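Below, each chain spelled out in residue letters.
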Amino acid sequence: GGDERVVRLACESLQRNVIGANPSALFHLFIHSWNPSLGALIDKLYRPRWSRHEPELDNVDKVVSASISLATMLAARRAHEAATNESYDLVLALRPDLVWYRQLLLPALPRAQLWLPAQCCAADVGKFGEIADSTDAALKRALYLASRDCFGRGLLNAVCTTSRFLRMGGGELDMHMEREAEFNYYVNDWMFLAPPATADTFTLIAQHHERYLAALAEVGVHQVWMHFMWAAHVHHALRVSAGVRPALEAGTEFNLVRLITSARYCRSSIVVPNVSDALPPVRGPMWGGMAKVLCSRAGAVSCAWESPRCSSIAIEGPS
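1. Details of the overall build of the protein
Okay, step 1: Along its length, the protein carries 11 helices and 12 strands.
Okay, step 2: Radius of gyration (C-alpha) of the protein: 20 Å, near the 20 Å computed for a compact globule of 319 residues.
Okay, step 3: Summarising its shape, the C-alpha atoms of the protein cover approximately 65 × 50 × 40 Å along the three principal directions.
Okay, step 4: Taking all 319 residues of the protein together, 50% fall into the buried category.
Okay, step 5: Long-range contacts, defined here as pairs at least 24 residues apart, represent 78% of the contacts in the protein between residues at least 6 apart.
Okay, step 6: If you sum the accessible surface of the protein, you get close to 15,800 Å²; carbon and sulfur atoms cover 52% of it.
Okay, step 7: Each charge class in the protein was averaged separately, 31 positive and 31 negative side chains, and the resulting centres sit 5 Å apart.

2. Focus on the layout of surface pockets
Okay, step 1: Roughly 150 Å³ of volume is contained in the second largest pocket.
Okay, step 2: Lining the second largest pocket are 12 residues, with Ala158, Val159, Leu279, Pro280 and Val282 sitting closest to its centre.
Okay, step 3: Partitioned by chemical class, the residues of the lining of the second largest pocket number 9 nonpolar, 1 polar and 2 charged.

3. A word on empty space enclosed by the protein
Okay, step 1: Following the criterion strictly, the structure yields 2 cavities of 30 Å³ or more and no others.
Okay, step 2: The volume enclosed by the largest cavity comes to roughly 140 Å³.
Okay, step 3: If you trace the largest cavity, you find 18 residues lining it, with Cys160, Tyr186, Val187, Ala291 and Leu294 closest to the centre.

4. What to know about the pattern of salt bridges
Okay, step 1: For the structure on display, the rule yields 14 salt bridges.
Okay, step 2: Close ionic contact of Arg77 with Glu81 constitutes a salt bridge, the shortest N to O distance being 3.2 Å. Within this pair, Arg77 and its partner Glu81 are both found in helix α3 (residues 62–84), separated by 4 residues, close to a single helical turn.
Okay, step 3: A salt bridge links Asp200 to Arg77; the nearest nitrogen and oxygen atoms lie 2.8 Å apart.

5. Quick word on the nonpolar core
Okay, step 1: In terms of nonpolar packing, the biggest core is built from 42 residues, with Leu114, Leu116, Phe192, Phe202, Val221, Trp230 and Val244 touching the most fellow members.
Okay, step 2: Within the residue set of this core, elements represented by two or more residues are α3, β3 (91–94), β5 (114–118), α5 (162–168), β8 (191–194), α8 (209–218) and α9 (226–238).
Okay, step 3: With 8 residues, the single largest contributor to this core is α9.
Okay, step 4: In contact with Phe192, not counting residues within four places along its chain, are Leu70, Val91, Leu92, Ala93, Leu114, Trp115, Leu116, Ala199, Phe202 and Trp230.
Okay, step 5: Of all hydrophobic cores here, the second largest spans 26 residues; its members include Val7, Ala10, Tyr46 and Leu256.

What counts and what doesn't
- Residues numbered from 1 in each chain as written.
- Predicted model: local features only at pLDDT ≥ 70, side-chain atom pairs only at ≥ 80, totals over all residues.
- Heavy atoms only, no water.
- Helix = DSSP H or I, 4+ residues; strand = E, 2+ residues; numbered from the N terminus.
- Rg over C-alpha atoms; globule rule 2.2 N^0.38 Å.
- Buried < 20%, exposed > 50% of the residue type's maximum accessible area, 1.4 Å probe, protein only.
- Contact = heavy atoms within 4.5 Å.
- Areas by Shrake-Rupley, 256 points an atom, 1.4 Å probe, with all protein chains shown as cover.
- Lys, Arg positive; Asp, Glu negative; His and termini not counted.
- Charge placed at Lys NZ, Arg CZ, Asp CG, Glu CD.
- 1 Å grid on protein atoms, 1.4 Å probe; cavity = no way out; pocket = protein on both sides within 12 Å on 5 of 7 lines; lining within 4 Å.
- Points joined across faces, edges and corners; volume = space filled by probe spheres on them.
- Nonpolar A, V, L, I, M, F, W, Y, C, P; charged D, E, K, R; others polar.
- Salt bridge = Lys/Arg side-chain N within 4 Å of Asp/Glu carboxyl O.
- Core = buried A, V, L, I, M, F, W, Y, C linked by side-chain atoms within 4.5 Å.

So this is what it looks like as structure tokens:
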């Protein structure tokens, strides 16, 4: 399986917007995949220090597979450090199907213990967000103004809720979710940056998969997605909720190849009057304020990429 075009596109984007954008940094690439048929092409394009391309594991779900892949890559990096007496300052772990719209400038990153993608979501009442009629009316008005001034689909940004993503799994998967999970158990899982010691802790997800499932089940999260696993890891294994900071913003500054045409947005200067009245209130705990930190644009409007508003920003599209 796999697609050569995706491999080439992702590699070109990484070289241009990450590696080439940081000329003072030395990048060594360590790659693990479950795709032997594309292994030769991947190695030719990326020229990694280490790579392994294995057949997919039988009867293993995607989260376990991805966790094993990440752990294998991190182990290879540690072995390389031990064999060469080299050490690395930072680990960037990422999916192989990302495209970057904006340069990831490492010196510009804020001080943090761990960097995750920034991400806001469409304003969502959530499971526990019973709102007053006045707020409901204000939200509907805000969504109307956002779409009107975007000349198309408009998104009123808000902090992401866990229940929103559970519902995406189908049915009423948020039925048994506890209140404490609403603003604490979702993070974007496309990539992370961390010092090596912090990055290496992510191997625990593969080593103790059942414990992570049990921790999520305690708060009623029964959908097995890496988004939820990483959130549990940050809060309970690392305990660095307050030390997380955003890197680039998912959807507007980088994206999955498969979402380029369906879920790409640009930032806008559209102002919704009295927007604070339209945002559903945050009810329930938010550990370390992490969810708000990762959505610093709550109340701002983003427009769908295909809208005239995005097209008008620059000849080659929004920056």
